[in-house]
Amino acid sequence: MSQTEVAQAKAMMSTTVDKTKMYVSLDQSQAYSEFRPRYNDDLFRAIVDFCKETNPNLNLAVDVGCGPGMSTIGFCKYFKKVMGVDVSETQVACAPKDIPNCEFKVGYSDKLPFIKSGSVDLFCSGESFNLMPHKETFAEADRVLRPGGTIALFGYDVLRADKPEINEVIQKMFVKFLPYWPKESTLIFDKFRDITLPYSDYKRREDLKIVDKMNLEQYLGLMKSLWPFVAYCKDHPEVDLAKELRTDMTNVLAKVNKPGDTTFDIAWDMFILMGHKPGK
Ligand SMILES: C[S@@+](CC[C@H](N)C(=O)[O-])C[C@H]1O[C@@H](n2cnc3c(N)ncnc32)[C@H](O)[C@@H]1O
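Residues numbered from 1 in each chain as written. Predicted model: local features only at pLDDT ≥ 70, side-chain atom pairs only at ≥ 80, totals over all residues.

### Quick word on the overall build of the protein
Argument step 1. Scanning the protein for helices and strands turns up 10 helices and 9 strands.
Argument step 2. For 280 residues, the compact-globule estimate of 2.2 N^0.38 gives 19 Å, and the C-alpha radius of gyration of the protein, at 19 Å, lies within 12% of that figure.
Argument step 3. When its C-alpha atoms are laid out on the principal axes, the protein stretches across 60 × 40 × 35 Å.
Argument step 4. Per-residue burial over the protein gives 41% buried out of 280 residues.
Argument step 5. Put simply, of all contacts in the protein between residues at least 6 apart along the chain, 78% involve residues at least 24 apart. (Helix = DSSP H or I, 4+ residues; strand = E, 2+ residues; numbered from the N terminus. Rg over C-alpha atoms; globule rule 2.2 N^0.38 Å. Buried ≥ 20, exposed ≤ 12 C-beta atoms within 10 Å, placed from the backbone. Contact = placed C-beta atoms within 7 Å.)

### Some thoughts on the pairing of strand β4 (residues 120–126)
Argument step 1. Most of β4 sits out of view: 7 of its 7 residues are buried.
Argument step 2. Where strand β1 (residues 60–64) lies against β4, 3 bridges are found, and the strand directions are parallel. The partner of Ala61 across the bridge, within β4, is Leu122.
Argument step 3. Note: β4 against strand β5 (residues 145–156), 6 bridges, orientation parallel. Across the sheet, the residue bridging to Val120 is Leu145, located in β5.
Argument step 4. In this fold, β4 hands off to helix α5 (residues 134–144), which returns the chain to β5; that crossover is right-handed. (Pairing = 2+ DSSP bridges. Right-handed = clockwise from strand over helix to strand, strands pointing away.)

### Re the packing of helix α2 (residues 26–35) against helix α8 (residues 216–224)
Argument step 1. Contact pair α2 / α8: the axes reach a minimum separation of 8 Å and the direction vectors enclose 135°. One finds that α2 runs oblique with respect to α8. Judged by the twist between their axes, the crossing of α2 over α8 is left-handed. Seen from α2, the contacting residues are Gln28, Ala31, Glu34 and Phe35; seen from α8, they are Gln218, Gly221, Leu222 and Lys224.
Argument step 2. When the residues that make up the contact of α2 with α8 are grouped by side-chain class, the tally is 3 nonpolar, 3 polar and 2 charged. (Axes fitted to C-alpha atoms, helices over the stretch in contact; angles between N-to-C directions. Parallel < 35°, antiparallel > 145°, perpendicular 65-115°, else oblique. Left-handed = near helix turned anticlockwise from the far one by under 90°. Nonpolar A, V, L, I, M, F, W, Y, C, P; charged D, E, K, R; others polar.)

### Focus: the site of the ligand
Argument step 1. Around the ligand, 22 residues are found, and the nearest of them are Gly65, Gly67, Ser71, Gly126 and Ser128.
Argument step 2. Its residues placed into classes, the shell around the ligand shows 9 nonpolar, 9 polar and 4 charged. (Near = placed C-beta within 6 Å.)

### Description of the UniProt feature "domain: Methyltransferase type" (unreviewed entry) in the protein
Argument step 1. Under the UniProt annotation, the feature "domain: Methyltransferase type" (unreviewed entry) is placed at residues 62–152.
Argument step 2. Secondary structure content for residues 62–152 is 18% helix and 32% strand, and the end C-alpha separation is 10 Å. (UniProt positions renumbered as here; feature names shortened; annotations may be inferred.)

### Some thoughts on unusual backbone geometry
Most peptide bonds take the trans form, and the phi angle of most residues other than glycine is negative.
Argument step 1. Its identity is not glycine, yet Glu127 carries a phi of approximately 55°, on the positive side.
Argument step 2. Positive phi values are uncommon outside glycine, yet Lys191 reaches one of about 55°.
Argument step 3. Looking at where Lys191 falls in the secondary structure, it is placed in the loop between α7 (185–189) and β7 (202–205).

### Details of the packing of α8 against helix α10 (residues 241–256)
Argument step 1. In the contact formed by α8 and α10, the axes pass within 10 Å of each other and the chain directions differ by 145°. Taken as a pair, α8 and α10 cross one another with a handedness that is right-handed. In this structure, α8 uses Leu216, Tyr219, Leu220, Met223 and Lys224 to contact α10, whose residues at the interface are Ala242, Leu245, Arg246, Met249, Thr250 and Leu253.
Argument step 2. Among the residues making up the contact of α8 with α10, the classes are represented as 8 nonpolar, 1 polar and 2 charged.

### Topic: the nonpolar core
Argument step 1. Membership of the largest hydrophobic core comes to 54 residues, with the highest contact counts inside it found for Ile47, Ala61, Val62, Leu122, Phe123, Ala152 and Ile272.
Argument step 2. If near-sequence neighbours (up to four positions away) are discounted, Ile47 is found in contact with Leu122, Cys124, Ala152, Ile272 and Met274.
Argument step 3. Listed in part, the 19 residues of the second largest apolar core include Ile166, Leu226, Phe264 and Ile266. (Core = buried A, V, L, I, M, F, W, Y, C linked by C-beta atoms within 7 Å.)

Dropping the structure here:
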């Protein structure tokens, strides 16, 4: 989003959301694990390469706000052990259980008593640092990171479709949802430009993308995984929001696609903010 759009969005967003309770239903977490974007290996490799600049060890990576694990599992082929931590029981319940070097736990980003001080090589957070207490999470990261270890915060901007007509439908939905996002979500829309890492040796990358294809059902599943969808439906029991979103998208696909084709190309712009803890 542009800076102007971020400012406009901020004016409409909520200050009252309890950010630890946005993912408490199993339905929403199942939709999350099935339909949210999959990070590609470019992201995991970019972070791992940055880790290696100051620390050859890749023993332990900890991913806080891990959700059902899409930001966690890509590290498993690089690290001896990987741990995902999330405050939501339903998100953790939907994380994979069959990866031998990966473990998921329910917990807070700023309280990790089960992790020894100075034992972590990578402390990261995908699409979630905006929801966490910043000062306290940075302090806990600093406690658990070894000297030369890496902190990495990453995420993706709002979904974009390749065709402007489809984008218009996505934009309309997005504006409808704005009052239901917590104010802190503007940090994501602004690619964490207002976040300063506690370490001076840091790097920002905005050159990576998730490029994919989506069909109508996947679009609706994605919408159902979003907090504003859940909050809007609670506030408006008289509205069949899923039906409304389906109708809008079906109509535009009928205009721009060949008959019967409900797929469209999409992209998510990614961003990473990563820093090295001083020392060796
Ligand atoms: C948008 S999801 C991101 C999930 C996943 N990392 C991804 O990249 O798709 C944000 C997650 O942060 C979790 N969360 C929010 N506040 C948290 C906190 N203080 N500590 C740990 N997890 C938290 C939420 O429960 C939710 O699962």
